[in-house]
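Spelled out from the first residue to the last, the chains are:
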Amino acid sequence: MRMKILAGAALAVIMAAGAANCAPILPSTGLAFDAGAFRPSDSTTRDALGETWIGGQVSYRQKQVGPISTDLSIGYYKAGGRSFANRVSDDTVDTSGYVIPMVYRTKTTVPLTGMYYGGGVGAYYANVEGIDGDGVITPGASESGTKFGWELFGGMKLMGPLSAELGYRNVRGDVAGMDLSGFTLTVKGKF
């Protein structure tokens, strides 16, 4: 709950700060790249795989009609992983994971502000190592799967081709007992 309040406050600050920026967001078609972080909203997932996952996405802006645009994106976010003592032997069990979001997004640009908001739906492929299908840390365990979900986001133009974006993704179901829903914070650019 505390993270949702912080995310809401951060989004409000981003949107308020962009009110004075009147430049357009990005050209209507082409490739855009973003780099940033994903933070799972589930504490069990953060404890098992890491607080912050680093990664990015590549998006192809399909078309823009007035202030509304659509894009297809594919990304990669990697968990930092953790090491846990093995209860059976004297060695450790290392956990790791990654998620590949493939999302169709629609974005609306707010005229004369440099801000935008939108949402998307898509598939999220994930792989988790060191955790079995019941969410138990187990040496050699590996679980992967594709889940469907949605995301909401908002952002603002920074300078030149750059913009900052804060989002929330809700992924239905889990992989190896890990909930892949959470918050993203990225910097986007078209080069």
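A few points on the structure. (Residues numbered from 1 in each chain as written. Predicted model: local features only at pLDDT ≥ 70, side-chain atom pairs only at ≥ 80, totals over all residues. Heavy atoms only, no water.)

**Here we look at the environment of Glu151**
- Its location among the elements puts Glu151 in strand E7 (residues 137-157).
- The exposure class assigned to Glu151 is buried, which follows from its relative accessible area of 7%.
- Along the chain, Glu151 and Asn170 lie 19 residues apart, while their C-alpha atoms are 6.0 Å from each other.
- Those residues in contact with Glu151, other than ones at most four positions away along the chain, are Val103, Arg105, Gly118, Gly119, Gly120, Tyr124, Tyr168 and Arg169.
- Side-chain polar atoms of Glu151 contact the side chain of Arg105, separated by 3.1 Å. (Helix = DSSP H or I, 4+ residues; strand = E, 2+ residues; numbered from the N terminus. Buried < 20%, exposed > 50% of the residue type's maximum accessible area, 1.4 Å probe, protein only. Contact = heavy atoms within 4.5 Å. Polar contact = N/O pair within 3.5 Å; in protein donor to acceptor, adjacent residues only side chain to side chain.)

**Section: the pairing of strand E6 (residues 115-131)**
- Among the 17 residues of E6, 12 are classified as buried, and the element is accordingly described as predominantly covered.
- With 15 bridges connecting them, strand E5 (residues 92-110) and E6 associate as antiparallel partners. Following the sheet pairing, Arg105 is matched in E6 by Gly120.
- Count of turn residues in the E5/E6 antiparallel hairpin: 4 residues, of which Leu112 carries a positive phi of about 65°. (Pairing = 2+ DSSP bridges.)

**Notes on empty space enclosed by the protein**
- One pass over the full model with this rule turns up 2 cavities of 30 Å³ or more.
- The computed volume of the largest cavity comes to approximately 90 Å³.
- What lines the largest cavity is a set of 14 residues, and nearest its centre among them are Arg105, Glu151, Glu165, Arg169 and Thr184.
- Contributions of two or more residues to the lining of the largest cavity are made by E7, strand E8 (162-171) and strand E11 (182-189).
- In terms of residue count, the dominant contributor to the lining of the largest cavity is E8 (4 residues).
- The residue makeup of the lining of the largest cavity, split by class, is 4 nonpolar, 4 polar and 6 charged. (1 Å grid on protein atoms, 1.4 Å probe; cavity = no way out; pocket = protein on both sides within 12 Å on 5 of 7 lines; lining within 4 Å. Points joined across faces, edges and corners; volume = space filled by probe spheres on them. Nonpolar A, V, L, I, M, F, W, Y, C, P; charged D, E, K, R; others polar.)

From the geometry alone we can't say anything about function, so treat these as descriptive.
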